[in-house]
Structures are given as structure tokens and as C-alpha cells.
Amino acid sequence: MSKAESKKKRKRRGRKWWVRPWIGRRPQCGVYDKLMAELRAEDQASFHNFLRMSPEMFDELRQRVGPRITKKDTRFRPAVDPGMKLALILRHLASGDSYASQKFGWRVPHNTQSLVVREVCHAILDGYLDEMLTCPSTPEEWKKVADRFYQRWNFPQVLGALDGKHVAIRCPPNSGSLYYNYKGFFSIVLLALVSSDYKFVWADLGGLGSASDAQIYNSSELKHGAEEDLLGFPQPTPLPQNTTNVPYFYIGDDAFALRYYMMKPYSLRGVSQEERIYDYRLSRARRVVENAFGILANRFQVILGTMQHKPETVKLIVSTCLVLHNQTSNKTL
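Residues numbered from 1 in each chain as written. Predicted model: local features only at pLDDT ≥ 70, side-chain atom pairs only at ≥ 80, totals over all residues. Heavy atoms only, no water.

Student: Explanation requested: the pairing of strand S1 (residues 158-168) in the structure shown.
Tutor: Each regular strand carries side chains that alternate between the two faces of the sheet. Of all 11 residues in S1, 10 are buried, a share of seventy percent or more. Bridge count for S1 against strand S2 (residues 187-194) is eight bridges, and the pairing is antiparallel. Note that in S2 the partner of Leu162 across the bridge is Leu193. (Buried < 20%, exposed > 50% of the residue type's maximum accessible area, 1.4 Å probe, protein only. Helix = DSSP H or I, 4+ residues; strand = E, 2+ residues; numbered from the N terminus. Pairing = 2+ DSSP bridges.)

Structure below.
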């Protein structure tokens, strides 16, 4: 150690508080112990608006995730309650508030929140990912998706609507223009396949903002599986009131190439009346993916703003939002 570093170490200022007094009064005055208890007892609709889920769903989530995020008390301070960790992160996802603004109401320091968010998101994904965000793998499962599309949107043989969404992030250090997209901001791309009832069937998260939807899709396992017949698609069947066998397919916009497993609209120029009708019906079915992105972003408004996390943490948070979105959709549909 140099003389300058040794002198600086000797002059380091000591702590003014071990724990700030107002943080120490968390059990008496914090949001989790006071406001949430009042909302649960008096106004469950506001509780749902506060955390984007009902008290019963929150209790179920706490029961499954709680053991994964429980810590032991130490000689220096008691451990943070796992229910409060979960509620704190759910509120962060629902509101998009920064850690610095949340610390005063919840009485949890911002540096503690930055550790807790990753811990809780990992726990939620470990407990729910395989259950809530699993791509169909058998003809029967895909057939259910297609039948539901036909019942709700009057478009047969559809296995899902595919599209991408740019999630705004702060420019990562030393990344150049890799994350800079054509819309004029830095982002990562969420490419998702959505079912007829706005649930995410498959998602590819983490594409660089500078890449197009087609580039990300072309390198994805979804395209590889469709081309190599690895996803368990049903065998071609006739369309309603027809006898010609037609394969099952995804639907997308003009960004994707036309394939036997991918349908897209006709060009806007020189289309016939029948082609206009086809475009209308395909667009009506395809808009479910746009609606799903809108529902997701308004339910978890952390996605609406520019996320200040590292790209790895952004992927973790958005993946958690997808799982929670599907979970709440299961309870409401």
C-alpha cells in the first residue's frame, strides 16, 4: 500500500449511524406492515392495483417463493421478511419507481433493494418458469392453441402470433451502437409468440436493439424447431369447408419471411378483394401479440420507462414479468 493510500485510509470518515433511525422504525411505519395490512383488510381492489395481484395470489406466491428468499437473523440485524421482499419487488415491477424513491416509503435502503430484486426474480423464475412459460411440444397441445385461435378470432390453423418489442434500457458501458435501435433509443428486444388469450407461449429475450425482429427470429430455436420439425406440430388438416390439407403456422407482420409455417399479410399494392379480406382477418388475429405487449407493459410499468439496470438484470426482470403475467392470466381467464 502506498503512502497516499495509507493516509487516505486513516482519514476515512466513520459511520454516523449503523442503521438510520427512520429505517429502524420499519415494522411500525413501513408500507408492508401498515399500508398493505390496511388494503388487505379494507380494500382488496386497491391491494390488487398496488401489487397487480389479489391477496390470495400474493399469499400463494409467498408460500412457494418464500423459502427460497428467507435469510437467517444475525447478531447485527434481523433479516428482512421474505413477504416484504416479495411485495417490495412486485411494487417496483408494477410502478416502475426507482429504488431511491421507494426506500422512503418501504424504509429499505436502495442498495439493499438492488440485491433483493435479483434474488426475488431468480426465486420466482425457479418456482414458476417451467409451469407458466413452457412452449407446447406435442400435437395435442399445439392443436388446443390453434382451436382456441379459430374459436376466438376466426382464423384456423394458427399456432401463435409472433412479434418483437423494444424494452428501453440505459446505454451499457462500452457497448457502442449495439443496443441502439432504429427508433432512436437503446434497448433489448423481446421476441414473443402469443396465444389467442394474450398469454406468452414462447419468448426470446435479450436480442440487441440494433437487430431486427427477423434477424433475432432467424437465429432462434423457434425457427430451427419449425424447419427441422422438432416442435411436435400437428399434421396438416383441411380448412373448414374444404378438403385440401393445410399445414399449421405462425402469423406475423411484414418483418418476417413467408414460409409454410409462417403466414404474413399481402403487399399493400395491387391486392384483390379476396386478398384484402385475408389481410384483414390475419391482422385481426395477429393483433393479440400487440395487445399482449400492451397489457404486459401497463400491468408492470417498469417496462414502460427506461430501465436503469444492466442488460442481464433487465432480462431477469422482464422474464419475471412474463411469468407473472401468465400466472395472473391463468387466474382471470
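Now that the structure has been shown, the text picks up again.
Student: When you look at the packing of helix H6 (residues 55-69) against helix H7 (residues 82-95) in this model, what are you seeing that I'm missing?
Tutor: A pair of packed helices is characterised by two quantities: the angle between their axes and the separation of those axes. Relative orientation of the contacting elements H6 and H7 amounts to 115°, with a least axis distance of 9 Å. Judged by the sense of rotation from one axis to the other, the crossing of H6 with H7 is right-handed. On the side of H6, the interface is formed by Phe58, Leu61, Arg62, Gly66 and Ile69, while H7 contributes Pro82, Gly83, Lys85, Leu86, Ala87 and Leu90. Grouping the amino acids of the contact of H6 with H7 by side-chain chemistry returns seven nonpolar, two polar and two charged. (Axes fitted to C-alpha atoms, helices over the stretch in contact; angles between N-to-C directions. Left-handed = near helix turned anticlockwise from the far one by under 90°. Contact = heavy atoms within 4.5 Å. Nonpolar A, V, L, I, M, F, W, Y, C, P; charged D, E, K, R; others polar.)

Student: I'm lost on the pairing of S2 in this one. Help?
Tutor: In terms of residue burial, S2 counts as a mostly covered element, since eight of its eight residues are buried. Burial along S2 is two-sided: Ser187, Val189, Leu191 and Leu193 and Ile188, Leu190, Ala192 and Val194, pointing in opposite directions, are all buried. Where S2 lies against strand S3 (residues 200-208), seven bridges are found, and the strand directions are antiparallel. Bridging across to S3, Val194 finds its partner in Phe200. Between S2 and S3, which pair antiparallel one after the other, the connecting turn spans five residues, and Tyr198 there sits at a positive phi close to 70°.

Student: Any chance you could explain unusual backbone geometry here in plain terms?
Tutor: Negative phi is the rule for most residues except glycine; trans is the rule for most peptide bonds. Of note, the phi angle at Arg52 is positive, near 65°, even though the residue is not glycine. Note on placement: Arg52 falls in the loop between helix H5 (44-51) and H6. Its identity is not glycine, yet Asn174 carries a phi of approximately 55°, on the positive side.

Student: Explain the packing of aromatic side chains here, please?
Tutor: Each aromatic ring pair is described using two quantities: the centre-to-centre distance and the angle formed by the ring planes. Inspection of the entire model under this criterion finds 11 aromatic pairs. Between the aromatic rings of Phe200 and Phe293, the centroid separation amounts to 6.0 Å while the plane-to-plane angle is 35°, which identifies the pairing as tilted. Here Phe293 lies in helix H13 (residues 273-299) and Phe200 lies in strand S3, a separation of 93 residues in the sequence. The buried category is assigned to Phe200, whose relative accessible area is 3%. Overall, Phe293 belongs to the buried group, its relative accessible area being 5%. Consider the rings of Tyr217 and Phe256, whose centres lie 5.5 Å apart with planes at 85°: the pair is edge-to-face. In this pair, Tyr217 sits in helix H11 (residues 213-218) while Phe256 sits in the loop between strand S6 (249-251) and strand S7 (262-263), placing the two residues 39 residues apart along the sequence. On the basis of relative accessible area, Phe256 is assigned to the buried category, the value being 2%. When the ring centre of Tyr128 is taken as origin, the NZ or CZ atom of Arg64, which lies over that ring, is 4.1 Å away. (Phe/Tyr/Trp six-rings, centres within 6.5 Å; stacked < 30°, edge-to-face > 60°. Lys NZ or Arg CZ within 6 Å of the ring centre and 35° of its normal.)

Student: What exactly am I supposed to notice about helix H9 (residues 110-132) here?
Tutor: At 3.6 residues per turn, the α-helix brings residues three or four places apart onto the same side. The sharpest bend along H9 comes to roughly 40°, located at Asp126. Of all the residues in H9, the buried ones are Gln113, Val116, Val117, Val120, Cys121, Ala123, Ile124, Leu125, Gly127, Tyr128 and Met132. (Bend = angle between axes of the 7 residues up to and from the residue.)

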